[in-house]
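Examining the three-dimensional arrangement
Spelled out, the chains give:
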Amino acid sequence: MGLAEALVAVITEGSPRPFRLASAEEQAATLKEVAQRYAAGCPFQPGDLVTPRPHHNLIGVGRPHVVLEVIDDPLDAPVAGSTKPSDYGNPAFGARLDMRTASVADDGVVCAWWGESWQFEPYVAPEQPPAAAPESAAA
């Protein structure tokens, strides 16, 4: 399944993980890219439309989210002092929250939350099929 087909599957079927990085080379290249994005900080501004990147632990790949706020001093999700074993396996454990976004949930409700900007990319609206030409009334 190619990237375009995977994104369509995510949008139409709601699957958050349509495919996996298969080879060690793909994994290494993706991790290097992640490290670069993480080190660069947040490239977005309030009002930008973004979408979660594929291969990350966010749902909604291909769906628009709006950036509400970007902060220069990221909020750190709890690390020290946690006594709940379930916290250690949670993807949010130790996250560097630098961007607040909002999106529309499947039930039509707008939700907002803090997230990590490195997990997002600019949103690009899907291309609309060209409108059908009206049939000529004169035959």
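Just above sits the structure.
Residues numbered from 1 in each chain as written. Predicted model: local features only at pLDDT ≥ 70, side-chain atom pairs only at ≥ 80, totals over all residues. Heavy atoms only, no water.

Overview of the side chain of Q119
- One can find Q119 in the loop between β4 (110-115) and β5 (120-122).
- According to the relative accessible area criterion, Q119 is buried, its value standing at 8%. (Helix = DSSP H or I, 4+ residues; strand = E, 2+ residues; numbered from the N terminus. Buried < 20%, exposed > 50% of the residue type's maximum accessible area, 1.4 Å probe, protein only.)

Section: the pattern of salt bridges
- Taken as a whole and judged by the stated rule, the model has five salt bridges.
- Notably, a salt bridge pairs E33 with R37, separated by 2.8 Å at the nearest N-O pair. Of this pair, E33 and R37 both sit in helix α2 (residues 24-40), four residues apart, which is roughly one turn of that helix.
- Under the relative-accessibility criterion, E33 is labelled partly exposed at 36%.
- A relative accessible area of 16% places R37 in the buried class.
- With a closest N to O distance of 3.5 Å, R53 and E33 form a salt bridge. Placement of the pair is R53 in the loop between β1 (49-52) and β2 (65-76) and E33 in helix α2, with a sequence separation of 20 residues.
- On the accessibility criterion, R53 (16% relative accessible area) is buried.
- Residues joined by salt bridges that share partners form a network here, namely E33, R37, R53 and E121. (Salt bridge = Lys/Arg side-chain N within 4 Å of Asp/Glu carboxyl O.)

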